[in-house]
Amino acid sequence: QLQASGGGLVQAGGSLRLSCAASGLTFKSYHMGWFRQAPGKEREFVASITWKGGSTFYLDSVKGRFTISRDNAKNTVYLQMNSLKPEDTAVYYCAAVYRMKPATSQPREYDYWGQGTQVTVSS
């Protein structure tokens, strides 16, 4: 089970930190990803991190603004979001994919999903 939290309403230029706590799976054996879905749009890859945390990957539009990290001792993955823009408004989901597969940007490859947390950025 994945439990995402930390969303909210923030003004443009502000920051939020999302957290995703895992239970019932061997967290350190999974790559972790963050995705988002805005109304009327498909789910979009935002960032991913490999199971040991050695590599990270980002959507081009969030590079330099968002940072994904993980704490395997706490079974938690984070998404630090800075310099937020109105176009970042979406429901954000965390997801897990077993480490024998790549830390992919394809939602269909992921094995487990959290319930989502709403991020709203006002202009």
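Being a predicted model, the structure only gives us computed values, none of them experimental.

S.K.: How should I be thinking about the overall build of the protein in this particular structure?
M.R.: Within the protein, the regular secondary structure consists of zero helices and eleven strands. When the helices and strands of the protein are listed from N to C terminus, the series reads β-β-β-β-β-β-β-β-β-β-β. A globule of 123 residues ought to have a C-alpha radius of gyration of about 14 Å, and the protein, at 13 Å, matches this closely. For the protein, the C-alpha atoms occupy an extent of roughly 40 × 25 × 25 Å along the three principal directions. In the protein, of all internal contacts separated by at least 6 residues, the share reaching a separation of at least 24 is 57%. Within the structure as shown, the protein displays about 6,200 Å² of accessible surface, and the carbon and sulfur contribution to it stands at 47%. Mean positive and mean negative side-chain charge positions of the protein (14 and 8 charges, respectively) differ by 7 Å.

S.K.: Looking at this structure, how should I read the sheet that holds strand β1 (residues 2-5)?
M.R.: The strands making up a sheet associate through hydrogen bonds between their backbones, and the pairing can be parallel or antiparallel. Strand order across the open sheet formed by four strands is β1-β3-β8-β7, with antiparallel pairing between neighbours. A strand with exactly one partner marks an edge of an open sheet, and here the two such strands are β1 and β7 (66-71). The sheet shows a mean angle of 15 degrees between the axes of neighbouring strands, direction not considered. Relative to strand β3 (residues 16-22), β1 runs antiparallel, the two sharing four bridges.

S.K.: In this structure, what is going on with the packing of aromatic side chains? I would like to understand it.
M.R.: For the coordinates displayed, the defined rule picks out six aromatic pairs. With a centroid separation of 5.8 Å and 70 degrees between ring planes, the pair formed by Y30 and Y112 is classed as edge-to-face. One end of the pair, Y30, is in strand β4 (residues 30-37); the other, Y112, is in strand β10 (residues 112-113), and 82 residues separate them in sequence. Ring centres of F35 and F45 lie 5.8 Å apart, and the angle between their planes is 75 degrees; this geometry places the pair in the edge-to-face category. With a gap of ten residues between them, F35 in strand β4 and F45 in strand β5 (residues 44-49) connect regions that are remote in the sequence. We note that F35, like F45, is buried. Here the aromatic cluster, defined as three or more aromatic residues joined through ring pairs, consists of F35, F45, Y110 and W113. When the ring centre of Y78 is taken as reference, the NZ or CZ atom of R17 above it lies at 4.0 Å.

S.K.: How should I be thinking about the state of the cysteines in this particular structure?
M.R.: Per the counting criterion, the structure on display carries one disulfide. Paired through a disulfide, C20 and C94 show a sulfur-sulfur distance of 2.1 Å. A torsion of 65 degrees about the S-S bond marks the disulfide between C20 and C94 as right-handed. Linking C20 in strand β3 with C94 in strand β9 (residues 90-98), this pair joins segments that are 74 residues apart in sequence. By relative accessible area, C20 is classed as buried at 0%. For C94, a relative accessible area of 0% translates into the label buried.

Parameters and conventions
Residues numbered from 1 in each chain as written. Predicted model: local features only at pLDDT ≥ 70, side-chain atom pairs only at ≥ 80, totals over all residues. Heavy atoms only, no water. Helix = DSSP H or I, 4+ residues; strand = E, 2+ residues; numbered from the N terminus. Rg over C-alpha atoms; globule rule 2.2 N^0.38 Å. Contact = heavy atoms within 4.5 Å. Areas by Shrake-Rupley, 256 points an atom, 1.4 Å probe, with all protein chains shown as cover. Lys, Arg positive; Asp, Glu negative; His and termini not counted. Charge placed at Lys NZ, Arg CZ, Asp CG, Glu CD. Pairing = 2+ DSSP bridges. Axes fitted to C-alpha atoms, helices over the stretch in contact; angles between N-to-C directions. Phe/Tyr/Trp six-rings, centres within 6.5 Å; stacked < 30°, edge-to-face > 60°. Buried < 20%, exposed > 50% of the residue type's maximum accessible area, 1.4 Å probe, protein only. Lys NZ or Arg CZ within 6 Å of the ring centre and 35° of its normal. Disulfide = S-S within 2.5 Å.

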